[in-house]
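Report on the structure
Below, each chain spelled out in residue letters.
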Amino acid sequence: KAKELGKDRYKVYEKKIEEEVANRISFENSLKNALDKDEFILNYQPQINLSNDEIVGFESLIRWNSSEYGLVFPMDFIPIAEEIGEINKIGEWVLKEACKFAINIRKKYQKKIEVSVNISPIQLQKIDFIKMVKKVLKETGAESCLLGIEVTETALMESFEDNIEKLKELKDMGIKLYLDDFGTGYSSLNYLLKLPIHTIKIDKSFIDDMMVEEKGRSIIAEIINLAHDIDLDVVAEGVELEDQLSMLKELKCNVVQGYIFSKPLSEEDAYDFLQLKL
Ligand code: C2E
Ligand code: MG
Ligand code: MG
Ligand code: MG
């Protein structure tokens, strides 16, 4: 009897796994078709310079408006796109869109506003990544100084020397380089000094902590001072509260990005935001 029960349970388990595999496969297939179906959307979140209150740039953030799954956020599909090898095509699309957006701003407002994109480690490690970036810049007519590239520390750890060489080449082209999610990875001073970057982005988790206890504030102060000592700019991410903003101003943080100024916006809304700000 017990044996039979066990068998049933096994069957239920087996069925569940089969279902999960099928679900996963259909998700992957939808993802593979998303570019052709034009289902990706790029949103843009404004970045504000705290010293003069001016808008200095936008970060591009991808969303997937899937006919089957509804609106899907990057955390739920980027890792899978990386696994199934779709990230390179998606990443190229993102870069193209972002460059076109930067050019449109330039035409509409005669203003140089930087647009940054997030790069997956898999993209960076691809042998012809730099070639692809150059191609997109040429095709869209965007100047490299309009483009920012964000990489995370963890993304750089694998094949470190190789990645550093590529970043140097991008930097020499005039592209702004950001170290994203700063503080969540390995960050030692020694390591930071080796990176050819312009700016660090302090992760939201630190910003969340800064109001909770005195220690949180000291950590932010340390990070900002350290960055400035080695001539890096600082962007604070995920700023939502007035208190956080005024503290970051006091601590001489350079740029703020967060709901306090704006959520990520559609392209049209981003133009409206600029119109009001300029
Ligand atoms: P990230 O690059 O660190 O982007 C910042 C995330 O914080 C974004 O989430 C943004 O919407 C969110 N955020 C900004 N300000 C606030 C705030 O004040 N409060 C709160 N609660 N959240 C805020 P999102 O858009 O869901 O993106 C998550 C991550 O997905 C990004 O983190 C980035 O690592 C990745 N990602 C986004 N777009 C792309 C892309 O085009 N390519 C690749 N490879 N990764 C992307
Ligand atoms: Mg980012
Ligand atoms: Mg970040
Ligand atoms: Mg992140």
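All chains use their own residue numbering, which begins from 1 and follows the written sequence. Both sets of labels track the order of writing: A upward for chains, 1 upward for ligands. For a predicted model such as this one, the threshold for reporting local features is a pLDDT of at least 70, and the threshold for listing and counting side-chain atom pairs is 80 or more; totals across whole chains, interfaces and linings nevertheless cover every residue. The side-chain numbers reported here are obtained from all heavy atoms of the structure, hydrogens and water having been left aside.

As a further point, take the packing of helix α3 (residues 87-109) against helix α12 (residues 267-277). Axis lines are fitted to C-alpha atoms, over the contacting stretch for helices. Their N-to-C directions set the angle, which ranges from 0 to 180 degrees. In DSSP terms, a helix is any run of H or I states spanning at least four residues, a strand is any run of E spanning at least two, and both are numbered starting from the N terminus. Their axes nearest at 12 Å, the elements α3 and α12 cross at an angle of 40°. Remark: the crossing between α3 and α12 carries right-handed chirality. Judged by residue contacts, Phe 101, Asn 104, Ile 105, Lys 108 and Tyr 109 of α3 engage Glu 267, Ala 270, Tyr 271, Leu 274 and Gln 275 from α12. Here the contact of α3 with α12 is composed, by residue class, of six nonpolar, two polar and two charged. Working rule for handedness: look at the near helix, and if it is turned counterclockwise from the far one by less than a right angle, call the crossing left-handed; if clockwise, right-handed. When checking whether two residues touch, look at their non-hydrogen atoms; a contact exists if any pair is within 4.5 Å. Under the convention adopted here, Pro, Cys and the residues Ala, Val, Leu, Ile, Met, Phe, Trp and Tyr are nonpolar, Asp, Glu, Lys and Arg are charged, and Gly plus all remaining residues are polar.

The near set for a molecule or strand comprises every residue that places at least one heavy atom within 4 Å of it. Near ligand 1, the surroundings consist of 22 residues, among which Arg 63, Asn 118, Asp 180, Glu 240 and Tyr 259 are the closest. Here a polar contact is recorded for every N or O atom pair within 3.5 Å, except that within protein the pair must consist of a potential hydrogen donor and a potential acceptor, and residues adjacent in sequence are included only if both atoms are side-chain atoms. In this structure, Gln 45 approaches ligand 1 through a side-chain N or O atom, which is 3.1 Å from a nitrogen atom. Asp 181 places a side-chain nitrogen or oxygen 3.1 Å from an oxygen atom of ligand 1. Calculation on ligand 1 without its partners gives an accessible area of 800 Å², and the protein chains cover 84% of this total. With four residues, the top contributor of residues to the shell around ligand 1 is strand β2 (residues 55-66). Residues belonging to the shell around ligand 1 are distributed by class as follows: nine nonpolar, five polar and eight charged. What sets the accessible areas is the Shrake-Rupley method with a 1.4 Å probe; for residues, cover comes only from the shown protein chains.

Moving on to unusual backbone geometry. Backbone geometry at Asp 38 places phi at a positive 60°, although glycine is not the residue there. Within the secondary structure layout, Asp 38 lies in the loop between α1 (2-34) and β1 (40-49). Positioned with a positive phi, Lys 252 is a non-glycine residue whose angle comes to about 65°. With relative accessibility at 57%, the residue Lys 252 sits in the exposed group. Relative accessibility decides the category of a residue: with a 1.4 Å probe and only protein chains considered, values under 20% of the type maximum give buried, values over 50% give exposed, and everything between is partly exposed.

Once that is clear, we can look at the pattern of salt bridges. A pairing counts as a salt bridge when a side-chain nitrogen of Lys or Arg comes within 4 Å of a carboxyl oxygen of Asp or Glu. For the structure on display, the rule yields 20 salt bridges. One salt bridge connects Glu 28 with Arg 24, and the closest N-O pair in it is separated by 2.6 Å. Taken together, the residues span about one helical turn, with Glu 28 and Arg 24 both in helix α1 at a distance of four residues. Arg 24 sits in the partly exposed class, given a relative accessible area of 30%. Members of the salt-bridge network, linked through shared partners, are Glu 59, Glu 150, Lys 201 and Glu 237.

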